[in-house]
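A closer look at the structure
Residues per chain are reported as follows:
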Amino acid sequence: MKTVFQLSKVINILALCCLAGLAYGLIFTGILQVIAAILFVIAFPKDKLIYIYFAIVGFFFLVWQGNIFGWQFIFPLGLMIFLTYTIHTKKI
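Remember, it's a predicted structure, so these values are computed and weren't measured experimentally. By convention here, each chain's residues receive numbers from 1 onward along its written sequence. Residues qualify for local features only when their pLDDT is at least 70, as the model is predicted, and side-chain atom pairs are given and counted only at 80 or more; totals for whole chains, interfaces and linings, by contrast, use all residues. Hydrogens and water are ignored here; the side-chain numbers use all heavy atoms of the structure.

**Section: the overall build of the protein**
- Starting at the N terminus, helices and strands are each numbered in turn, a helix being any DSSP run of H or I of at least four residues and a strand any DSSP run of E of at least two. Per the secondary structure count, the protein includes four helices and zero strands.
- The secondary structure elements of the protein, listed N-terminal to C-terminal, are α-α-α-α.
- Relative to the compact-globule value of 12 Å for 92 residues, the protein shows a C-alpha radius of gyration of 13 Å, a close match.
- The dimensions of the protein, computed from C-alpha atoms along their principal axes, are 40 × 25 × 15 Å. For a compact globule the rule gives 2.2 Å times the number of residues to the power 0.38, and the radius of gyration it is set against comes from C-alpha atoms.

So, in structure tokens, the structure goes:
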């Protein structure tokens, strides 16, 4: 469990580093953060914040209309902050 949790933290940090790639980095950041969230839910299946994260991710994809510059891209910024907070404030 501790190894999966540490791997989740590392993947989250790598995802945040992908933001330097701007538009392409945003895609990789999203992919890596979902992977980090899946690993986090494996390590801590009873944590409620991670399920809120997945609900917001699902809502984002429901309202997103494929427009790269739409108003919906407020969600990814909030999701990045929320997942980073959830992962890095968790005590083992």
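There is more to say after this.
**Quick notes on the side chain of Thr29**
- Along the chain, Thr29 falls in helix 2 (residues 22-43).
- Here, two residues are considered to be in contact whenever any of their heavy atoms come within 4.5 Å of each other. Excluding anything up to four places from it in sequence, Thr29 contacts Ala15, Cys18, Leu19 and Met80.

**Considerations on the state of the cysteines**
- Counting rule for disulfides: a pair of cysteine sulfur atoms within 2.5 Å. Within this structure, the stated rule accounts for zero disulfides.
- For Cys17, which is in no disulfide, the shortest distance to another cysteine sulfur is to Cys18 and amounts to 7.2 Å.

**Observations regarding the environment of Gly21**
- Relative to the assigned elements, Gly21 resides in the loop between helix 1 (2-17) and helix 2.
- With relative accessibility at 40%, the residue Gly21 sits in the partly exposed group.
- Taking the C-alpha atoms as reference points, Gly21 and Gly58, 37 residues apart in sequence, are found 24 Å from one another. Note on exposure labels: buried denotes an accessible area under 20% of the residue type's maximum, exposed denotes more than 50%, and partly exposed covers the range between, all computed with a 1.4 Å probe on protein chains only.

**Notes on the nonpolar core**
- Within the largest apolar cluster, 15 residues are counted, with the highest numbers of intra-cluster contacts made by Phe5, Phe40, Ile50, Tyr53, Leu83 and Ile87.
- Looking at this core, the elements with two or more residues in it are helix 1, helix 2, helix 3 (48-63) and helix 4 (74-88).
- In contact with Ile50, other than residues within four places in its own chain, are Ala37, Phe40, Val41, Leu83 and Thr86. Note on terminology: a nonpolar core comprises buried Ala, Val, Leu, Ile, Met, Phe, Trp, Tyr and Cys residues joined through side-chain atoms within 4.5 Å.

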